[in-house]
Amino acid sequence: MSVWTDLPGQDAVVEQLGRAAAAEHPHHAWLFTGPPGSGRSNAARSFAAALVCEQPRAEDRGCGECHACRTALAGSHADVSVMATENVTFRIEDVREWVTKAQDKPSSGRWRVIIIEDADRMTERTTNVLLKAIEEPPPRTVWLLCAPSPADVLVTIRSRCRPVGLRIPSIGDVAELLVRRDGASPELAEFAARVSQSHIGVARRLARNEDARTRRDTIVRLPLRLRGVSDAVMAAGELVELSNAEAAAAAEERNAAEREALLHTLGAPETGTLPPAIRSQLKALEEEQKRRAKRSVSDSLDRVMIDLTTFFRDVLTLQLGTRTELVNEYLRPELSAFAEQSSPEQTLDRLDAIAQARKRLQTNVAPVLAMEAMVVSLL
């Protein structure tokens, strides 16, 4: 057991970060990049835990067992801060606050670590505020930035960060993680890893939640039951409802876990009235969770599109005879029949329609209207 245990398929990254954590003076700024689902945020948190690990021997840092490692991974270590936003971009006021916080000395560990998730959501003006702190770093502060790719971060920031590139793990690596960490059966783990296309977070949810698997199956089977425009309009409304249900279910699970972790960290009593100080922090958490709800629905809608894309990706694979493994292997008979009734050109048009809908949903287009236009294009 170590802080690196839950980073499947990232052996090179683990070796790189392990050496850095053991160094007397690691680089002061790091940029973690990788496709969605590759685990870049998890890697940053694991590195943060290794940096504050209490083990006296450098080669043992990142043990995963000491109090510092456990609290850092749980998000409750005093010297490890996570900077995230549920908005389209970071507010400049928030970045200034964290730049000020970076000047403080660590309260207990060797380093103060600040993780910036979705660093690609910073505007140029906001990035310039951060640039000053990275150009002239405090002696005991380490910045960990996360973004999909190096190109998503301004070159002035990128040039001052040590790069850490993650890749999408293999289906086998993700399945092994689900069996070991979540107790999934090998068959269920392999299925979840395959249909999530090795997206660790999605795979874990599918492996643990039967309702999530049912919702996904309904989405993927949608093209099989479209017969006309009326079917398309009804299906579009169903997709929006499914995405709302998925977002609500995911939020409920995450919110409950965050509440439990906060109460545990604050040492709240299991029964009785909570002290005023704890109630105020609990209220702040609840307000943050409400602000997050809107983005959760948007992310869920996008996930619906991705799942729907896998259907037509598999159809195109069969039409072209590429012999590539199917994402939805369990639907092979239905996919084969659908592929025989259309051409590769039609399939590409349908994939384009889904891609266009994903772009529209990033604007202020009403979700139902965007979905209706998309599903009609799938006829």
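Going by the structure above, here's the rest.
Below is a summary of the structure that appears in this document. (Residues numbered from 1 in each chain as written. Predicted model: local features only at pLDDT ≥ 70, side-chain atom pairs only at ≥ 80, totals over all residues. Heavy atoms only, no water.)

Observations concerning the overall build of the protein
Put simply, the rule is: Each helix corresponds to a stretch of at least 4 residues labelled H or I by DSSP, and each strand to a stretch of at least 2 residues labelled E; elements are numbered beginning at the N terminus. For this measure, only C-alpha atoms enter the radius of gyration; the expected value for a globule follows 2.2 Å times N^0.38, where N is the number of residues. Contact between two residues is taken to exist if any of their heavy atoms lie within 4.5 Å; hydrogens are not considered. Note on areas: Shrake-Rupley, 1.4 Å probe, and residue coverage restricted to the protein chains presented here. Only four residue types enter the charge count: Lys and Arg as positive, Asp and Glu as negative, with His and the chain ends excluded. In this description, the location of a charge corresponds to atom NZ of lysine, CZ of arginine, CG of aspartate or CD of glutamate.
A count of helices and strands for the protein gives 15 helices and five strands. Rg of the C-alpha trace for the protein: 23 Å, near the compact-globule value of 21 Å for 379 residues, within the 12% margin. Judged by the C-alpha coordinates and their principal axes, the protein covers about 65 × 45 × 45 Å. Sequence separation of at least 24 residues holds for 71% of the intrachain contacts in the protein that already meet a minimum separation of 6. Approximately 19,100 Å² of the protein is accessible, and the part contributed by carbon and sulfur atoms is 51%. If you average the places of the 49 positive and of the 53 negative side-chain charges in the protein, the two averages end up 4 Å apart.

Quick notes on the pairing of strand β4 (residues 141-147)
Two faces, one strand: in a regular strand the side chains alternate between the faces of the sheet. Applicable threshold: Burial classes follow relative accessibility: with a 1.4 Å probe on protein chains only, a residue under 20% of its type's maximum area counts as buried, one over 50% as exposed, and anything between as partly exposed. Strand pairing is assigned whenever DSSP detects at least two bridges linking the two strands. For a crossover, the right-handed case is the one in which the path from the first strand over the helix to the second runs clockwise, viewed with the strands pointing away from the viewer.
Counting buried positions along β4 yields seven of seven residues, so the element is predominantly enclosed. Of the two faces of β4, the one lined by Thr141, Trp143, Leu145 and Ala147 and the one lined by Val142, Leu144 and Cys146 are each fully buried. Summarising the sheet, strand β1 (residues 29-33) and β4 pair through five bridges and their orientation is parallel. Pairing of Thr33 across the sheet is with Ala147, part of β4. Two strands pair when backbone bridges link them, and strand β3 (residues 112-116) and β4 are joined in this way by five bridges, in the parallel orientation. Counterpart to Ile114 in the pairing with β4 is Trp143. Viewed along the sheet, the connection from β3 through helix α5 (residues 124-135) into β4 turns out right-handed.

Geometry only, nothing functional implied.
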